[in-house]
Amino acid sequence: MQKNNPTVTRAWCFYDWANSVYSLVITSTIFPIYYSAVAKNPETDSSIVNFFGFELQSSVLFSYAVSGAFLIIAALSPFLTAIADYSGRKKLFMRLFCYLGSISCAALFFFTKETFSISVIFFVLASIGFSGSIVFYNSYLPEIATEDQYDKLSAQGFSLGYIGSVLLLVFNLAMIMQPGWFGIAADNTSLPPRIAFLTTGIWWFGFAQYSFYHLPGNVYHRKPGGSWVLNGFKELQKVLNQVKELPLLKRFLLAYFFYNMGVQTVMYVATIFGIEVLALPDEALIITILIIQLVAIAGAYGFAALSNKYGNIKALIIAVIIWIGICIAAYFINSANQFYVLAAVVGSVMGGIQSLSRSTYSKLIPATTIEHASFFSFYDVTEKISIVLGTLAYGAIAQLTGSMRYSILALIVFFALGLLFLSLVKGKRTLQAEQERVKVS
């Protein structure tokens, strides 16, 4: 395959434009706010919800729902990616997860008090679809570009995602704040956010078609014969044996496991923190998220430039140190203005650490391998398990202590461990030597 083809790389980046609306509208802004409003009893002001007969705090259920979704995809990902590598059907698997996520997202249009439990299930399915498609999407990077373009393309993808998601969010916010402009009665407060969920699913489904049309399919297709499942297991074992011979890759995955535990937990619970700890109005929370997204565009490119000058590992170390400072500051904040300032700092490192982590891992994969999806399944499983443990720990600490401030403070431990293991991964020249040392048969 010809690498650095502008049409293909543009289509790859464009999938970030398509799917990032889920991260912003569903994960970070409108859905958590709407979820909290539906879960709260207006008569008693209680946030205790009934989920298929189980009584628990709505914020705890939210954390557990996120954890459950990523635990499922972490279990499925290694086997599905191995099958995809053997069969050459990587784009098919990416498409299936995309459709599961976008359709489930659109189904949240029916989220009301009466459909609370089943709507949480749709939220879980949307999360599975989102995270499931990402592993196949990420694995295209080393196939469509040369190594010198990894950082730039990864940053470009995240930046496009931030821009697209902000555009749709602004449209949905206009509908929520001025429903009359769209012919919606002012007293029908539940309809605009539910339409937002529907438009998110349609946006994701629709714009993904551009990526699916141009991204290569049936790459490295084997000759027919044998079971996809059986041969998929063989592919997975083959890649696992290669991973065992790559000490720097293993150290990086360990570092990524810990610092990503902190990053993703902050991203998933920031809005809930603002609602329940700081009692911020919905408008303040939306402004905060917009600040994060807009600053993250510059942050992604800024850290790409930083990595070009000092190397990926040093740039990541700087980002993790900033995240530790964010957690300390979050413990002490008490006002909306402080929340805004902290959001700007979060945005400056959020895009950078995500895009650099993806491109750094791409550089650690053996240059001669064709099992990119299988290799990225280890990255994906590391990410998902870290999210599971991070959100579980956050919810459990909040439940035991009665305060989410202690949960935020506990995240410092995760970042510190990530920093420790990052320091054991060497510079760019060593990464290149690591790639060349393992010859793939």
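Description of the structure in this document.

Cut-offs applied
Residues numbered from 1 in each chain as written. Predicted model: local features only at pLDDT ≥ 70, side-chain atom pairs only at ≥ 80, totals over all residues. Heavy atoms only, no water. Helix = DSSP H or I, 4+ residues; strand = E, 2+ residues; numbered from the N terminus. Rg over C-alpha atoms; globule rule 2.2 N^0.38 Å. Buried < 20%, exposed > 50% of the residue type's maximum accessible area, 1.4 Å probe, protein only. Contact = heavy atoms within 4.5 Å. Areas by Shrake-Rupley, 256 points an atom, 1.4 Å probe, with all protein chains shown as cover. Lys, Arg positive; Asp, Glu negative; His and termini not counted. Charge placed at Lys NZ, Arg CZ, Asp CG, Glu CD. Core = buried A, V, L, I, M, F, W, Y, C linked by side-chain atoms within 4.5 Å. Expected span 1.5 Å × (residues − 1). 1 Å grid on protein atoms, 1.4 Å probe; cavity = no way out; pocket = protein on both sides within 12 Å on 5 of 7 lines; lining within 4 Å. Points joined across faces, edges and corners; volume = space filled by probe spheres on them. Nonpolar A, V, L, I, M, F, W, Y, C, P; charged D, E, K, R; others polar. Pairing = 2+ DSSP bridges. Phe/Tyr/Trp six-rings, centres within 6.5 Å; stacked < 30°, edge-to-face > 60°. Lys NZ or Arg CZ within 6 Å of the ring centre and 35° of its normal. Disulfide = S-S within 2.5 Å.

With respect to the overall build of the protein
Turning to step 1, where the next piece is worked out: A count of helical and extended segments in the protein gives 16 helices and 2 strands.
Turning to step 2, where the next piece is worked out: What you see for the protein is a C-alpha radius of gyration of 21 Å, in line with the 22 Å of a compact globule of 441 residues.
Turning to step 3, where the next piece is worked out: The principal-axis extents of the C-alpha atoms in the protein amount to approximately 65 × 45 × 40 Å.
Turning to step 4, where the next piece is worked out: Burial statistics for the protein: of 441 residues in total, 59% are counted as buried.
Turning to step 5, where the next piece is worked out: Within the protein, contacts between residues at least 6 apart in sequence are counted, and of these 85% link residues at least 24 apart.
Turning to step 6, where the next piece is worked out: For the protein, the exposed surface amounts to about 17400 Å²; the carbon and sulfur share of it is 66%.
Turning to step 7, where the next piece is worked out: Charge separation in the protein, taken as the distance between the mean sites of 28 positive and 21 negative side-chain charges, equals 12 Å.

Considerations on the nonpolar core
Turning to step 1, where the next piece is worked out: With 138 residues, the main nonpolar core has Tyr15, Phe252, Tyr259, Trp323 and Tyr361 as its most contacted residues.
Turning to step 2, where the next piece is worked out: Looking at which element gives the most residues to this core, the answer is helix α10 (residues 247-276), with 15 residues.
Turning to step 3, where the next piece is worked out: Setting aside anything within four residues of it in sequence, one finds Trp323 in contact with Val263, Val266, Val346, Val349, Met350, Ile353 and Phe415.

Remarks on helix α5 (residues 116-138)
Turning to step 1, where the next piece is worked out: Under the 1.5 Å per step criterion, the end-to-end length of α5 is 33 Å for 23 residues, consistent within 8% with the ideal 33 Å.
Turning to step 2, where the next piece is worked out: Within α5, 19 of the 23 residues are buried, leaving the element largely enclosed by the surrounding structure.

With respect to empty space enclosed by the protein
Turning to step 1, where the next piece is worked out: Here the structure, examined in full by the defined rule, presents 3 cavities of 30 Å³ or more.
Turning to step 2, where the next piece is worked out: Reported here for the largest cavity is a volume of approximately 790 Å³.
Turning to step 3, where the next piece is worked out: Mapped onto the lining of the largest cavity, the elements with two or more residues apiece are α1 (6-28), α5, α7 (150-177), α10, α11 (282-310), α12 (312-332), α13 (336-364) and α14 (372-401).
Turning to step 4, where the next piece is worked out: No other element matches the 11 residues that α10 contributes to the lining of the largest cavity.
Turning to step 5, where the next piece is worked out: A per-class count over the lining of the largest cavity returns 29 nonpolar, 15 polar and 4 charged.

With respect to the pairing of strand β1 (residues 48-51)
Turning to step 1, where the next piece is worked out: Burial along β1 is one-sided: the residues Val49 and Phe51 are buried and none of Ile48 and Asn50 is.
Turning to step 2, where the next piece is worked out: Here 4 bridges tie β1 to strand β2 (residues 54-57), and the two strands are oriented antiparallel to one another. Bridging across to β2, Phe51 finds its partner in Phe54.
Turning to step 3, where the next piece is worked out: Hairpin connection from β1 to β2: 2 residues lie between these consecutive antiparallel strands, with Phe52 at a positive phi of about 50°.

Let's talk about the packing of aromatic side chains
Turning to step 1, where the next piece is worked out: Summed over all chains, the structure comprises 41 aromatic pairs.
Turning to step 2, where the next piece is worked out: For the ring pair Phe93 and Phe136, a centre distance of 5.6 Å and an interplane angle of 20° mean the geometry is stacked. Placement of Phe93 in helix α4 (residues 90-107) and of Phe136 in helix α5 is noted, with a sequence separation of 43 residues between them.
Turning to step 3, where the next piece is worked out: Put simply, the rings of Phe31, Tyr34, Tyr35, Phe62, Phe111, Phe116, Phe123 and Phe197 touch in pairs and so form one group of aromatic residues.
Turning to step 4, where the next piece is worked out: Over the aromatic face of Tyr140 sits the side chain of Lys90, whose NZ or CZ is 4.6 Å from the ring centroid.
Turning to step 5, where the next piece is worked out: Directly above the ring of Phe109 sits Arg194, whose terminal nitrogen or CZ lies 4.9 Å from the centroid.

Topic: the state of the cysteines
Turning to step 1, where the next piece is worked out: Under the counting rule described, the total for this entry stands at 0 disulfides.
Turning to step 2, where the next piece is worked out: Cysteine Cys98 is unpaired, with the sulfur of Cys105 as its nearest cysteine sulfur at 11 Å.
Turning to step 3, where the next piece is worked out: Residue Cys105 is classed as buried on the basis of its relative accessible area of 0%.

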